[in-house]
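Overview (structure and organization)
Residue strings, one per chain:
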Amino acid sequence: MAATKIIDAPRNGHEMAPLNTRARGDGTHGVTIVLTAPQRNSVQSVDIPGNEPERAAWSGKMQFFLSIIGYSVGLGNIWRFPYLCQQNGGGAFLIPFMVMLILEGIPLFLIELGIGQRMRLGALGVWNTIHPWLGGIGISSCIVTLFVALYYNVIITWVFFYLFNSFRYPLPWSSCPLNGTGFELEECAKSSETTYFWYRTTLDAAPSMDEPGGLKWWIVLCLMLSWTIVFFIVMKGIQSSGKVVYFTSLFPYIVLTIFFIRGITLRGAGAGLMHMYTPKVEKLLEPTVWLDAATQVFYSFGLAFGSLIAFGSYNTPKNNCVRDVLLVSVCNAVTAIYASVVIFAILGFKATVNVDRCIASNTEILVKNKLLGLNDTQGYEQAMNQLNGSEFVRLQLSECSLAHELDNAAEGTGLAFIVFTQAIVELPGAPFWAVLFFTMLLSLGLGSQIGILEGMLCTLFDIDIIKRVKKQHVTGVVCLFCFIVGFIFCTGAGEYWLKMFDSFAGTIGLVVVALMEMIAVIFIYGHERFTEDIYQMTGYRPGRYWQWTWRYIGPVIMVCILVSSVVFMVIRNPTYGAWNADLGMIEQKSYPNWVMAIALSMILAGVLPMPIVFLMRSFQCLKVDLDIHQGSIRRNETTASTKEMIDNDDDNMSPDMPPQDSLAATRFTIGDFEVSCASSWFERLMATIPRSHDPDPVTCTSLNTLKLITRFSALLSLCSRVHFSLVNVRIRTYRIRI
């Protein structure tokens, strides 16, 4: 008997393998149609004449670890987690945070990192390889990542502006500017020095989104600088960005340590830490606390952007991704807690200084009204307690409360650019601390932005048409496009647009993508197969904890986050904080209808590609194959692409093939899912195909029957493990050309 030959010919990834393949070692004979990635070199990039390198690889373990730390540990650890701790029970919030980290964050983290390392493809290629119907997941992930990259770099733009102003002495936000008569500007006097500098000097904030005003040239220049730096960092992929991560990942820890040493020595630091970490256990009974914890874990890891899949794809096949996931998870959680200690130690100092100023101001008023002796520092509390409410208002006294000052801690841009900058002003040598702080924010922002863009570009380069273009050119086009679109953030309504993007573009879409990723890997690719992949790569077989979180707990948590996000978006009228210059404060306004239409369009743009690709490919409407998973269907345990379905050797049966009337003869696998087909209707379907008793294979002439067989095969590949054992079916060798 002649052996079956394998021809390594490039295919489009949709062919079906010949039905007679080599016998297995266990004596069974099966047909295998395996969805897998094209053969890639796993250690370093291989130069092919006339082409770009097939696949880049990390130059070392440290480069990979620092890259993923720089991506996962971002601005949210600095200005989001401390605020959530303060608002959701102090130290008690660490309980739901750790629970969600274990049940949601770590399992999904391993799915993305592990499947990327196994397939050695970007997000688009991975999901097409698992099944062509799932290709929309990669497209949705890429679109949502684009939206987030647009506004994330604007934050870096603002950091640059503050960094440049930090070299001035005194700091420009340390005092209010004066008008022509020598008095402080009314807008600054009604708010504060740091608030005025943020809304008027930096943003030149508009009164609403309907009146955005023109472009602010200083913001445009800083935005151009931001995208230029990002371009030069990522233009060569990990070959260029991998060198920058040594700074962007390590420098924030150096700065945090410096601030920690300085912070705990300041007056009032203990009060700030006690206020933050004093546990309020009763808060754990509120469902929103657990929802906030789950949401924080999800976004702090940077899940569903495709970046973790891209980072994993650059690893060697034998890299211990389980150990990497655990180390990064612990590092992420510890960094968030560590940053919270630093932030609230310094905010405690700021609150103490403000309380002392408040007491001094009240004392001056009481002395002026002869309610307190000139040097009577001990009688302040007694004098304040003797005043009734009307006298308190008449004298224009202020309430001096340390707890009240600490409760005013903000989140996001408010914490970084208003609250913390005010604390920096109080420190001796304020410009030095300002430069350190904003350089740290810059490195954190760049680290995350590098990861976001790397995930998006890796997805784009899974498309064969784009793969033929130099990476520098594609990266340049993407950065130029983002810079031009970013002009909407350079108007007076720039901050309002950023909050709208943050609230709508990167929320529902990411959660849906993450949920579909978990379903695709665990229920379509198969949790048993993925477990075996992890074992083959690491030598560790995931046990019950992983199986339960992958199959049940993780999807339930993701569904809860998705449902609650949609419900809150519907029942709560979406608003944004607009700056009122006359009152010197923020007032909430509803989004205009045309803005809500844009927000809805962004949500749909991030979600619709998944059902659209599913329907188009399931009904064979998608005629153009962009070769995003070339050779992804191949013989099991071979490295050659699927050969032409017409092969004269296909009918040469293996000598150790079991009898045709045995059950083993009817067992085959589709996508590595073992199937024993014996249903009567399938037997009748197979009987409709013309057969030939000649050595040469016969050609299938019925187009309708061909479509039925093709769809039936695709349906089987979506099943986790389907076993039909009603009757045995004799399967002969067919030649099928699609």
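Residues numbered from 1 in each chain as written. Predicted model: local features only at pLDDT ≥ 70, side-chain atom pairs only at ≥ 80, totals over all residues. Heavy atoms only, no water.

Selection criterion: UniProt positions are given in the numbering used here, feature names are shortened, and annotations may be inferred rather than shown by experiment.
The name that an unreviewed UniProt entry assigns to the chain is Transporter, with the source organism given as Drosophila yakuba. You can read under Sequence similarities (unreviewed entry) in the UniProt record for the chain the words "Belongs to the sodium:neurotransmitter symporter (SNF) (TC 2.A.22) family." In the Subcellular location (unreviewed entry) part of its UniProt record, the chain is described as follows: "Membrane".

**Considering the overall build of the chain**
To keep things clear, this is the line we draw: Strands here are runs of E lasting at least two residues and helices are runs of H or I lasting at least four, both read from the DSSP assignment and numbered beginning at the N terminus. Accessible area is worked out with a 1.4 Å probe on protein chains only. A residue is then buried under 20% of its type maximum, exposed over 50%, and partly exposed in between. Here, residues are in contact when the closest pair of their heavy atoms is within 4.5 Å.
Helix and strand content of the chain: 28 helices and six strands. Residue burial in the chain is summarised as follows: out of 738 residues, 56% are buried. Once local pairs closer than 6 in sequence are excluded, the contacts in the chain between residues at least 24 apart make up 81%.

**Notes on the pattern of salt bridges**
A side chain of one charge can pair with a side chain of the opposite charge when the charged atoms of the two come close. Basically, it comes down to this: When a carboxyl oxygen of Asp or Glu is within 4 Å of a side-chain nitrogen of Lys or Arg, the pair counts as a salt bridge.
Applying the stated rule across the entire model yields 13 salt bridges. Close ionic contact of D204 with R200 constitutes a salt bridge, the shortest N to O distance being 2.8 Å. Residue R357 pairs with E426 through a salt bridge whose shortest N-O separation is 3.0 Å. Highlighted residues: R357 in helix 14 (residues 321-368) and E426 in helix 18 (residues 412-426), separated in sequence by 69 residues. One network of salt bridges, in which partners are shared, links E187, R200, D204 and K216.

**Here's the deal with the nonpolar core**
Operational definition: Within this scheme, the nonpolar core is defined by two criteria: the residues are buried Ala, Val, Leu, Ile, Met, Phe, Trp, Tyr or Cys, and they are joined through side-chain atoms within 4.5 Å.
Grouped together as the largest cluster of nonpolar side chains are 179 residues, with contacts concentrated most on W127, I130, F438 and F501. With 19 residues, helix 19 (residues 430-460) is the largest single contributor of residues to this core. Filtering out sequence-adjacent residues up to four positions away, F438 remains in contact with V159, Y162, L163, S166, W173, A416, F417 and T421. Counting nine residues, the second-largest nonpolar core is a separate cluster that includes L372, A383, L387 and L395.

**Describing the pairing of strand 3 (residues 585-590)**
Let me state the cut-off plainly: DSSP-based pairing: two strands are paired if at least 2 bridges between them are found.
The pairing of strand 2 (residues 575-580) with strand 3 spans six bridges and is classified as antiparallel. Residue pairing in the sheet places A578 in a bridge with E587 of strand 3. Where strand 2 hands over to strand 3, the hairpin turn is made up of four residues, of which G584 adopts a positive phi near 65 degrees.

**Quick look at the UniProt feature "binding site: Na(+)" (unreviewed entry) in the chain**
This chain's UniProt record puts "binding site: Na(+)" (unreviewed entry) on G70, V73, N77, S300, N332, L444 and S448. Across 379 residues of sequence, these annotated residues stay compact in space, with a maximum C-alpha separation of 13.0 Å. Mapped onto the elements of the fold, S300 is located in helix 12 (residues 287-300). In contact with S300, other than residues within four places in its own chain, are S72 and N332.

**Points about the side chain of S140**
Tracing the sequence through the fold places S140 in helix 6 (residues 135-165). Residue S140 is classed as buried on the basis of its relative accessible area of 0%. Aside from chain neighbours lying at most four places away, what touches S140 is V513, G606, V607, P609 and M610.

**Focus on the packing of aromatic side chains**
Note the threshold: A pair of aromatic rings is counted whenever rings of Phe, Tyr or Trp (Trp by its six-membered ring) have centres within 6.5 Å, and the orientation is called stacked for planes under 30 degrees apart, edge-to-face for over 60 and tilted otherwise. Remark: a charge is flagged as sitting over a ring if the NZ atom of Lys or the CZ atom of Arg is within 6 Å of the ring centre and within 35 degrees of the ring normal.
The final tally for this structure, using the stated rule, is 47 aromatic pairs. Relative to W550, the ring of W546 has its centre 5.7 Å away and its plane inclined at 40 degrees; by these criteria the two rings are tilted. Of this pair, W546 and W550 both sit in helix 24 (residues 544-571), four residues apart, roughly one helical turn. Like W550, W546 is buried. Cation over ring: R541 sits above Y535, and NZ or CZ is 4.2 Å from the ring centre. Taking NZ or CZ as reference, R572 lies 4.4 Å from the ring centre of F568, over its face.

**Description of the packing of helix 6 against helix 9 (residues 217-234)**
For the record, the criterion: A fitted line through C-alpha atoms serves as each axis, taken over the contacting stretch for helices, and the angle formed by two N-to-C directions is quoted from 0 to 180°. Put simply, angles under 35 degrees are roughly parallel, angles over 145 are roughly antiparallel, angles from 65 to 115 are roughly perpendicular, and the rest are oblique. When the near helix sits turned anticlockwise from the far one by under a right angle, the crossing is termed left-handed; a clockwise turn instead gives a right-handed crossing.
Where helix 6 contacts helix 9, the two axes come as close as 8 Å, and the packing angle between them is 115 degrees. Between helix 6 and helix 9, the crossing angle belongs to the class labelled roughly perpendicular. As helix 6 runs across helix 9, the sense of the crossing is right-handed. Taken together, the residues of helix 9 that come into contact with helix 6 (itself represented by A149, N153, V154, I156, T157, W158, F160, F161 and F164) are W218, I219, C222, L223, L225, S226, W227, I229 and V230.

**Here's the deal with helix 24**
Operational definition: To estimate how far a helix should reach, multiply one less than its number of residues by 1.5 Å. One fitted axis covers the seven residues ending at a residue, a second covers the seven starting there, and the bend at that residue is the angle between these axes.
With 28 residues, helix 24 extends 39 Å from end C-alpha to end C-alpha; this agrees with the ideal 40 Å at 1.5 Å per step. Residue W550 marks the point of greatest curvature in helix 24, where the axis turns by about 45 degrees. Three or more residues of helix 24 are buried, namely W546, Q547, T549, W550, G554, P555, I557, M558, I561, L562 and S564. Against helix 4 (94-119), helix 12, helix 14 and helix 23 (508-538) lie the buried residues of helix 24.

**A few points about a nonpolar patch on the surface**
Our working rule: Surface patches are defined over residues having more than 30% relative accessible area and no salt bridge, joining like charges when they lie within 9 Å and nonpolar side chains (Val, Leu, Ile, Met, Phe, Trp, Tyr) when within 5 Å. To measure how exposed things are, a 1.4 Å probe is used in the Shrake-Rupley method; for residues, cover is taken only from the protein chains shown.
A contiguous nonpolar patch, built from V559, V563, V566, V567, V570 and I571 and spanning about 500 Å² of accessible area, is present on the exposed surface. Within the element layout of this structure, V567 appears in helix 24.

**A short note on the confidence of the model for the chain**
Put simply, the rule reads: A residue's pLDDT is the predictor's confidence in that residue, given on a scale from 0 to 100.
Per-residue pLDDT for the chain averages 77, and the proportion of residues at 70 or more is 76%. Across the chain, the element-wise mean pLDDT spans from 32 in strand 4 (residues 633-634) up to 95 in helix 9. Below pLDDT 50 for its whole length, residues 1-53 participates in 166 contacts with residues either more than four positions away or in separate chains. Every residue in residues 624-706 scores below 50 in pLDDT, and together they form 231 contacts with partners more than four places removed in sequence or on other chains.

**Focus: helix 12**
In this model, helix 12 (14 residues) spans 20 Å end to end at C-alpha, consistent with the 20 Å of a helix rising 1.5 Å per residue. Where helix 12 is concerned, the buried positions are V289, L291, A293, A294, Q296, V297, F298 and S300. Looking one or two residues past helix 12, G302 carries a phi angle of roughly 70 degrees, positive in sign.

**Observations regarding the environment of W546**
Accessibility expressed as a relative area gives 3% for W546, which makes it buried. As for W546 and P107, which are separated by 439 residues in sequence, their C-alpha atoms are 6.5 Å apart. Not counting chain neighbours up to four residues away, the residues in contact with W546 comprise I106, P107, L110, V322 and Y540.

**A look at the state of the cysteines**
This is how the line gets drawn: What counts as a disulfide here is a pair of cysteine sulfur atoms lying within 2.5 Å.
For the coordinates displayed, the defined rule picks out two disulfides. The disulfide bridge from C176 ends at C188, spanning 1.8 Å between sulfur atoms. With the S-S bond torsion at -75 degrees, the cross-link from C176 to C188 turns out left-handed. You can see C176 sitting in the loop between helix 6 and helix 7 (186-190) and its partner C188 sitting in helix 7, a full twelve residues away along the chain. Overall, C176 belongs to the buried group, its relative accessible area being 9%. Owing to a relative accessible area of 1%, C188 belongs among the buried residues under this scheme. A sulfur-sulfur distance of 1.9 Å marks the disulfide that ties C358 to C400. Every disulfide takes its handedness from the sign of the S-S torsion; for C358 and C400 that torsion is -80 degrees, giving left-handed.

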